[in-house]
Amino acid sequence: MLGLGIIGWIIIGGLAGWIASKFMGTDAQQGIVLNIVVGIIGGLLGGFLLKLFGVDVEGGGLIFSFLTCLAGAAILLFLVKLVTGRRSVH
């Protein structure tokens, strides 16, 4: 992926994880550290899934990387909610 460095991935991962947790209704249970972790792992998951479908993830750019992290984080949170059986707190 992009050569953003660790600080760049923490920022992109944190933002993507936070937005995904808002979208999935899990923000109340998560803090900033978990949002960052979910965003970074979501980026890896999203990149892996896109590669399976033949998408060139290395040349995508900053916005593509963010959207990949966001989609992967939402998928990760969905899977966690499926496994744990948790519902949103709304």
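Before reading on, note that the structure itself is shown above.
Reading the values: rules and limits
In every chain, residue numbers begin from 1 and rise along the written sequence. Where totals are concerned, whole chains, interfaces and linings use all residues; where local detail is concerned, this predicted model gives features only for residues with pLDDT of at least 70, and gives and counts side-chain atom pairs only at 80 or more. Derived side-chain values reflect all non-hydrogen atoms in the structure, with water molecules and hydrogen atoms excluded from consideration. Patches draw on residues past 30% relative accessible area with no salt bridge. Two like charges within 9 Å are joined, as are two nonpolar side chains (Val, Leu, Ile, Met, Phe, Trp, Tyr) within 5 Å. To measure how exposed things are, a 1.4 Å probe is used in the Shrake-Rupley method; for residues, cover is taken only from the protein chains shown. Within this document, salt bridges are pairs made up of a side-chain nitrogen of Lys or Arg and a carboxyl oxygen of Asp or Glu, the two lying within 4 Å of each other. Helix and strand definitions here come from DSSP, where helices need a minimum of 4 consecutive H or I residues and strands a minimum of 2 consecutive E residues; each element is numbered from the N-terminal end. Buried, partly exposed and exposed residues are distinguished by accessible area as a fraction of the type maximum, computed with a 1.4 Å probe on protein chains only: under 20%, between the cut-offs, and over 50%, respectively. Any helix carries an expected span of 1.5 Å times its number of residues minus one.

**Q** Where do I start with a nonpolar patch on the surface in this structure?
**A** A surface patch of nonpolar side chains, amounting to about 460 Å² of accessible area, comprises I32, V33, L34, V37 and I41. Topologically, V37 is positioned in helix α2 (residues 32-52). The partly exposed category is assigned to V37, whose relative accessible area is 37%.

**Q** Looking at this structure, how should I read helix α3 (residues 62-84)?
**A** In an α-helix, one turn spans 3.6 residues, which is why side chains three or four residues apart end up on the same side. With 23 residues, α3 extends 33 Å between its outermost C-alpha atoms, agreeing within 8% with the 33 Å of an ideal straight helix rising 1.5 Å per residue. Every buried residue of α3 is listed here: S65, F66, T68, C69, G72, A73, A74, L76, L77 and K81. Backbone geometry just after α3 places G85 at a positive phi near 75°.

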